[in-house]
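The chain contents come next:
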Amino acid sequence: VHYRLENGLNVVLERDPAQPIVAVLVSYGAGSSYEPAGYRQLAHLTEHMAFTGSRHVPNGGIYRELARAGAAAFNGVTTRDTAEYYAIVPARNAAVPLWLESDRMAFTLEQFANDAFIFERARVRKEILEREGSSFERHLQRALYPEDHPYRPSDDSAEAVDSLELSHAAWFFQKHYRPDNATLVMVGDFVLPRARATVERYFGPVRNPRGRVSAPGAAQRTFRGRETLLVESWMIQGKLAMLWVAPPRASADWLALALMAEMLNGDGELSLSRALLGRGLADATSTALETERLSSFFRIDVKQRNGAGLGAIERAVGAMIERLQRVDDVSRSLPEARAAMVRRELWQNEDYLFRAQRHAEDLRVFGKLISQADRLRALRAVTPAQIAAAARRYLTAGRRLTARHVHDPEVRTREGVASHEVDQ
Amino acid sequence: MKSGARWLSWLVALWTAIACAPRREPLPPLTEPLTPTQDAPFRSRAPEPEPLPDRVLPEMRVDVLPNGATIAVVERPGSGLVALSLVIRGAGREPAGDPAGLAALTAELASKRARIGDGRLLDDVRIDGRRVMNEVEDDGTTFHLAVRRSALTEAVPLLVQTTTDIGFERRAFASDLVEHLDRVAIASHSVDAQLHQTALEGLYGVDHRLSRFVIGSVKTVRAISFAQAKAFRDRYYRASETVLIAAGDATLAEVRKLAEPILGSMPDAGGPPRIEASPRILPSEALRPIRAISNASAMANLMLAIPGPGMADGVEFWAFRVLVAMLAEQPRTRANAAVNHEHVRTYGIGGAVQGRYESSEAILGFSVEPEDVGSTLEAVLAELDAMQRLSHDELDLVRSRFLTGLAASSARNEALANLLAVWFAHRLPPTSAMALSETLAGLNPDILMRVARKWLRRDRLQIAAIGPPRETHAELDELAPVEWFRFEFQ
């Protein structure tokens, strides 16, 4: 069931007694794209602060209470669009994470303290340094998102987090951590009326602060022609990434592109890894549909085999894309790709946390819940002709970004050197 | 530098600093009240958690075929899904006399080159878009396939086909070998893999079977012949060492009916079951020399390998397992608390236990800024010493979390099939899996402290590091002598 409390909190309760556990998720519209200009990393740091204690669960007590309840997993995750907090507990202790999350939502801000802030800021800084990924990816993200885009990464994330203060995190928390900007999802083995009553008891009295919250907007990035990004650095692995603009999640074409990605990732006739690894061009390939609230890209990544030419890889990928535009080629590969997606859909359904996250996503994207039956029906309805047409519409050679990473031992800086060109 | 040029460079630096400074508007002040929600008595205490159920693993039905092959099924009608695992005990990591990677390559060949009834190779067959996958651990090899119930009739014969000798082909061997070599080359570049191998070499000796990558090195795999792979398979792929596991929407009767035509004809030649002796830990009077790999990275990575009891040791193994969870497997562990709160040196410590029938190791890993490597390591070692002082509360927290994790994963068919596969691979009786919750319930602080005194000792562990020597050597050297070397990709 999906309903809203009077304070605006979205509530999704899905009862499934197959497993003796309950996954509880609270998702806030409080991801990094909600940060004001010049306050990068504020969403992530605020997520850390949200674990430091609340009026009734002071000083990291949340870990102790969840452990007492036998939580199998719990964490907080900040993405570009959301900040999410989850716990998986034995079914009989489902009230514990509800109690904790309501305290986090209502009674945390007053407990924000500077010593905890300084400690968490240092931890976030270390997380950034440990997980910052490759300079190739950072250059690519900068090429994708212009200076004022909410998804553009900061030039120096560690420096950005150092510039933040406690008052900034407090402001971000007050603005975004509120019932009318959140979705609470429970999936698992519970008694529905009792769960509903517990949710009402803990979350019903939580009041919104003054003001309103709105999601930042930005136009989908388009490619004006053939864009090329060349990154040269001391990193040895040669890489190629090719990106095309894809439709948003709610579009009818989105599923066609998801099936294309499945075909390229699979083992069939249109398998990209078979084509490239078999010809000694690559060590690994992956294809993904990277869709978020403000952008959607169809992306192919290739790790270059030592000695292979990036030009040859690009031509081989291009040839495979052309095959995706032909109905007869797609017809032969579609049954396997579709079966793989159906199978994944069924297996993912065993994961209650995954289901909870997807319910929250469905509400964000579609404004309603999508049943598994509807999801499977939509998947089965996609035809080879639709896929080929979508490939012709979106995967065009004239409008794409091709990013190459080339090893250059002379480049000594950590970030390497990048040049971005547009050929219209 | 001439003074004019110096001024110019300062001006450029100043301009860059100004241009790159975060451009931002001040944020508005907070609105009052900070907490608009009214407090209430029910908020003052968490709902009292209820005790965990006594039994967390579901019932399993087991049947043994006349040739000794076992079929174990957890029947869960109605889920529409079935996870299958085929375990070959004893076909795990090869003995020291065989080339490293032999077991892994043999498993790869079996899951690709076995030929099914209609003449196709396993490698060319997909069910629901998936093919048979394999996993080689210390005690056994496992083949996995998870399918919808509607595909069960096809999936069971396909999976057990990996045990047959048909189509184990010499002519495809060369290309399979090259493909495996590629995987080995890519995997051996991982920092964690290098650290792991380096630590275990210090613990067990360079040539010990446990010190080598399970998938082998480029040098050892390149030298494997088709005859060696076939001999390994003939020696270890035996009926009495084989267990077919199904978890999900299938009954024991139907799984047996589908598997028996192939599994029932599997030979059971060879000698007694292969069980390795417990590894001998090289003697040490204090902290043994730190093995360090020279690397120009900005961070230092450290790994501690701590030898532990085997899974056959029952209570002692599970006590060790719980101790390591307390130390480094949870978000708020002792080691994390010690390191982060006093020094703020590392983001966190990860820990895991690699269990085998006859022995185990705890592996603790973390990354740290090079100048803090010594103080952080000392904090972790001090916490290791402090594991000899434990409270009931602490044990209860970890135990309940452990049992819930077990309940959560065993409720999922694929995770349950994997769990049971591990259990069978380690030759542990199925009844002990069912009794795991009782075993954990029987642990108390006295048992844990006794096990901590026996196993969590500085003179038994091995430290490995990767980092820049100039920044880290002095820090490490204060704790123990450091042996620096370059990692050789062989």
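So, how was this worked out
Residues numbered from 1 in each chain as written. Chains lettered and ligands numbered in written order. Predicted model: local features only at pLDDT ≥ 70, side-chain atom pairs only at ≥ 80, totals over all residues. Heavy atoms only, no water. Helix = DSSP H or I, 4+ residues; strand = E, 2+ residues; numbered from the N terminus. Buried < 20%, exposed > 50% of the residue type's maximum accessible area, 1.4 Å probe, protein only. Contact = heavy atoms within 4.5 Å. Areas by Shrake-Rupley, 256 points an atom, 1.4 Å probe, with all protein chains shown as cover. Rg over C-alpha atoms; globule rule 2.2 N^0.38 Å. Lys, Arg positive; Asp, Glu negative; His and termini not counted. Charge placed at Lys NZ, Arg CZ, Asp CG, Glu CD. Pairing = 2+ DSSP bridges. Core = buried A, V, L, I, M, F, W, Y, C linked by side-chain atoms within 4.5 Å. pLDDT = per-residue confidence, 0-100. Axes fitted to C-alpha atoms, helices over the stretch in contact; angles between N-to-C directions. Buried area = accessible area lost by both parts, 1.4 Å probe. Salt bridge = Lys/Arg side-chain N within 4 Å of Asp/Glu carboxyl O. Polar contact = N/O pair within 3.5 Å; in protein donor to acceptor, adjacent residues only side chain to side chain. Phe/Tyr/Trp six-rings, centres within 6.5 Å; stacked < 30°, edge-to-face > 60°. Lys NZ or Arg CZ within 6 Å of the ring centre and 35° of its normal. Parallel < 35°, antiparallel > 145°, perpendicular 65-115°, else oblique. Nonpolar A, V, L, I, M, F, W, Y, C, P; charged D, E, K, R; others polar. Left-handed = near helix turned anticlockwise from the far one by under 90°.

Colleague: Mind showing me how you'd approach the overall build of chain B here?
Modeller: For chain B, the count of helices and strands is 17 helices and 12 strands. Taking all 490 residues of chain B together, 55% fall into the buried category. Expressed as a percentage of contacts within chain B between residues at least 6 apart in sequence, the contacts between residues at least 24 apart total 81%. Summed over its atoms, the accessible surface of chain B is roughly 20900 Å², and 55% of this surface lies on carbon and sulfur atoms.

Colleague: Mind showing me how you'd approach the overall build of chain A here?
Modeller: Of the regular secondary structure elements, chain A holds 15 helices and 12 strands. Relative to the 2.2 N^0.38 estimate, which gives 22 Å for 424 residues, the radius of gyration of chain A is 23 Å and therefore close to what a compact globule would have. Burial analysis of chain A (424 residues in total) assigns 58% to the buried set. A sequence separation of at least 24 residues applies to 81% of the contacts in chain A between residues at least 6 apart. Carbon and sulfur atoms form 49% of the exposed surface of chain A, whose accessible area is close to 16900 Å². Measuring between centres, the 57 positive side-chain charges of chain A sit 4 Å from its 53 negative side-chain charges.

Colleague: Would you take a moment to explain the pairing of strand β5 (residues 140–148) of chain B for this structure?
Modeller: When a strand is regular, its side chains alternate between the sheet's two faces. Residues and elements named next belong to chain B. Most of β5 is tucked away, with eight of its nine residues classed as buried. Relative to β5, strand β3 (residues 81–89) runs antiparallel, the two being bridged by nine bridges. Bridge pairing links Ala83 to Ala146 in β5. Counting the residues between successive antiparallel strands, the hairpin from strand β4 (residues 133–136) to β5 contains three residues.

Colleague: Quick question: what am I supposed to make of the nonpolar core here?
Modeller: Burial of nonpolar side chains together is a common tendency in soluble globular proteins. Counting 121 residues, the largest nonpolar core has Phe298 and Leu395 of chain A together with Leu302 of chain B as its most contacted members. Counting residues per element, this core draws most heavily on helix α9 (residues 315–329) of chain B, at 11 residues. Other than its neighbours up to four places away in sequence, Phe298 of chain A contacts Met242, Leu243, Trp244, Ala246, Leu257, Met260, Ala261, Leu264, Thr287, Ala288, Leu289 and Leu395 of chain A.

Colleague: Can you help me understand the confidence of the model for chain B in this one?
Modeller: It should be kept in mind that the predicted coordinates are not to be read in detail where pLDDT is low. All names here are of chain B. Taken as a whole, chain B shows an average pLDDT of 84; of its residues, 88% reach a score of 70 or greater. The element-level mean pLDDT for chain B is lowest in helix α1 (residues 3–20), coming to 50, with helix α8 (residues 252–263) highest at 96. Across the interface, the model reports ipTM at 0.85; the global pTM reads 0.80.

Colleague: Can you help me understand the sheet that holds strand β7 (residues 290–294) of chain B in this one?
Modeller: Strand-to-strand pairing in sheets goes through backbone hydrogen bonds, with the strands running parallel or antiparallel. Residues and elements named next belong to chain B. If you walk across this open sheet you meet the six strands as β9-β10-β8-β11-β7-β12, and the pairing is mixed. Every interior strand has two partners, whereas the edge strands, β9 (350–355) and β12 (482–485), have only one. When strand polarity is set aside, the average angle formed by the axes of neighbouring strands in this sheet is 20 degrees. One ladder, built from four bridges, connects β7 with β12; its direction is parallel. In the strand pairing of β12, Arg291 is matched with Glu483. Against the sheet, helix α5 (residues 191–204) contacts β7, β8 (300–309), β10 (359–368), β11 (462–467) and β12, and its axis sits at roughly 45 degrees relative to β8. Contacts between helix α11 (residues 373–386) and the sheet are confined to β7, β8, β10 and β11, with β8 contributing the most and set at about 20 degrees to the helix.

Colleague: Mind showing me how you'd approach the interface of chain A and chain B here?
Modeller: If you look at the interface, chain A gives 70 residues, while chain B gives 64 residues. For the pairing of chain A and chain B, the buried interface totals around 6200 Å² over both sides, and the portion due to carbon and sulfur atoms is 56%. Counting across the chain A and chain B interface gives two salt bridges. Counting across the chain A and chain B interface gives 17 residue pairs in polar contact (both at pLDDT 80 or more).

Colleague: What am I meant to see in the packing of aromatic side chains here?
Modeller: Residue and element names in this part refer to chain A. According to the stated counting rule, one finds 19 aromatic pairs over all chains in the structure shown. Taken together, the ring pairs connect Tyr28, Phe51, Tyr63, Phe74, Tyr85, Phe112, Phe173 and Tyr177 into an aromatic cluster. Positioned above the aromatic ring of Phe51, the side-chain terminus of Arg104 is 4.5 Å from the ring centre. Here the basic side chain of Arg196 rests over the ring of Tyr3, its NZ or CZ set 3.9 Å away from the ring centre.

Colleague: Even after reading the chapter, I still don't get the environment of Ser333 of chain A, so can you show me in this structure?
Modeller: Residues and elements named next belong to chain A. With respect to the helices and strands, the residue Ser333 is situated in helix α12 (residues 327–348). For the pair Ser333 and Leu270, spaced 63 residues apart in sequence, the C-alpha to C-alpha distance is 6.7 Å. For Ser333, the contacting residues outside a window of four places in its chain are Met263, Glu269 and Leu270.

Colleague: Where do I start with unusual backbone geometry in this structure?
Modeller: The phi torsion of most residues other than glycine is negative, and most of the peptide bonds are trans. Going from Glu32 of chain B to Pro33 of chain B, the amide bond is cis rather than trans, its omega being -5 degrees. Considering the arrangement of structural elements, one finds Pro33 of chain B in the loop between α1 and β1 (61–64). Positioned with a positive phi, Gln41 of chain A is a non-glycine residue whose angle comes to about 75 degrees. Inspection of the secondary structure assignment puts Gln41 of chain A in the loop between β3 (21–28) and α1 (42–49). A relative accessible area of 15% means that Gln41 of chain A is categorised as buried. Not every positive phi belongs to a glycine, and Arg427 of chain B is a case in point at roughly 60 degrees. Relative to the helices and strands, Arg427 of chain B is located in the loop between α13 (413–425) and α14 (430–434). Residue Arg427 of chain B is classed as buried on the basis of its relative accessible area of 19%.

Colleague: Mind showing me how you'd approach the packing of helix α2 (residues 102–113) of chain B against helix α7 (residues 226–236) of chain B here?
Modeller: Helix-helix packing is described using two parameters, namely the angle between the two axes and the distance between the axes. Residues and elements named next belong to chain B. Between α2 and α7, the least distance of the axes is 9 Å, while the angle of their chain directions is 85 degrees. It follows from the interaxial angle that α2 and α7 lie roughly perpendicular. Within the contact between the two elements, α2 uses Leu102, Ala103, Thr106, Leu109 and Ala110 and α7 uses Gln228, Ala229, Phe232 and Arg233. Tallied by class, the residues present in the contact of α2 with α7 amount to six nonpolar, two polar and one charged.

Colleague: Would you mind showing me how to read the sheet that holds strand β11 (residues 400–407) of chain A here?
Modeller: Residues and elements named next belong to chain A. Spatially, the six strands line up as an open sheet ordered β9-β10-β8-β11-β7-β12, and their pairing is mixed. The open sheet has two free edges, formed respectively by β9 (282–291) and β12 (417–423), since each of these has just one partner strand. Across the sheet, the mean angle separating the axes of adjacent strands is 15 degrees when strand polarity is ignored. Where strand β8 (residues 239–245) and strand β10 (residues 296–304) come together, seven bridges link them in antiparallel fashion. Bridged to Trp244 within β10 is Phe298. Along the sheet, helix α5 (residues 135–144) makes contact with β7 (226–233), β8, β10, β11 and β12, crossing β11 at roughly 155 degrees.

Colleague: Teacher, can you tell me more about the side chain of Thr402 of chain A here?
Modeller: Here Thr402 of chain A is to be found in strand β11. In this view, Thr402 of chain A contacts Glu227, Thr228, Leu229, Leu240, Ala241, Met242 and Glu314 of chain A; residues no more than four positions away in its chain are not counted.

Colleague: Which parts of the structure should I look at to understand the pattern of salt bridges?
Modeller: Two side chains that carry opposite charge are able to pair once their charged atoms sit near each other. Enumeration according to the criterion identifies 59 salt bridges over all chains in this entry. Among the salt bridges present, the one from Glu14 of chain A reaches Arg355 of chain A, with a minimum N-O distance of 3.0 Å. Of this pair, Glu14 of chain A sits in strand β2 (residues 10–15) while Arg355 of chain A sits in helix α13 (residues 352–366), and the two are 341 residues apart along the sequence. Owing to a relative accessible area of 5%, Arg355 of chain A belongs among the buried residues under this scheme. Several salt bridges share partner residues, and in doing so they unite Arg93, Asp138, Arg209, Arg274, Glu276, Arg356, Glu358 and Glu361 of chain B into one network.

Colleague: Quick question: what am I supposed to make of the packing of α2 of chain B against helix α4 (residues 173–187) of chain B here?
Modeller: All names here are of chain B. Closest axis-to-axis distance for the α2/α4 pair is 11 Å, and the angle between their directions is 125 degrees. Relative to α4, the element α2 lies oblique. Crossing geometry of α2 relative to α4 is assigned as right-handed. On α4, the residues that touch Ala104, Leu105, Glu108, Leu109, Lys112 and Arg113 of α2 are Phe173, Ser175, Asp176, Leu177, Glu179, His180 and Arg183. Across the contact of α2 with α4, the residue classes break down as five nonpolar, two polar and six charged.

Colleague: What is the right way to read the pairing of strand β2 (residues 70–75) of chain B from this model?
Modeller: Residue and element names in this part refer to chain B. Burial runs high along β2: five of the six residues are buried. Taken together, the four bridges between β1 and β2 define a ladder with antiparallel strand orientation. Of the residues in β2, the one forming a bridge with Val62 is Ala72. Hairpin connection between β1 and β2: a loop of five residues separates the two successive antiparallel strands, and Gly68 in this loop has a positive phi of roughly 100 degrees.

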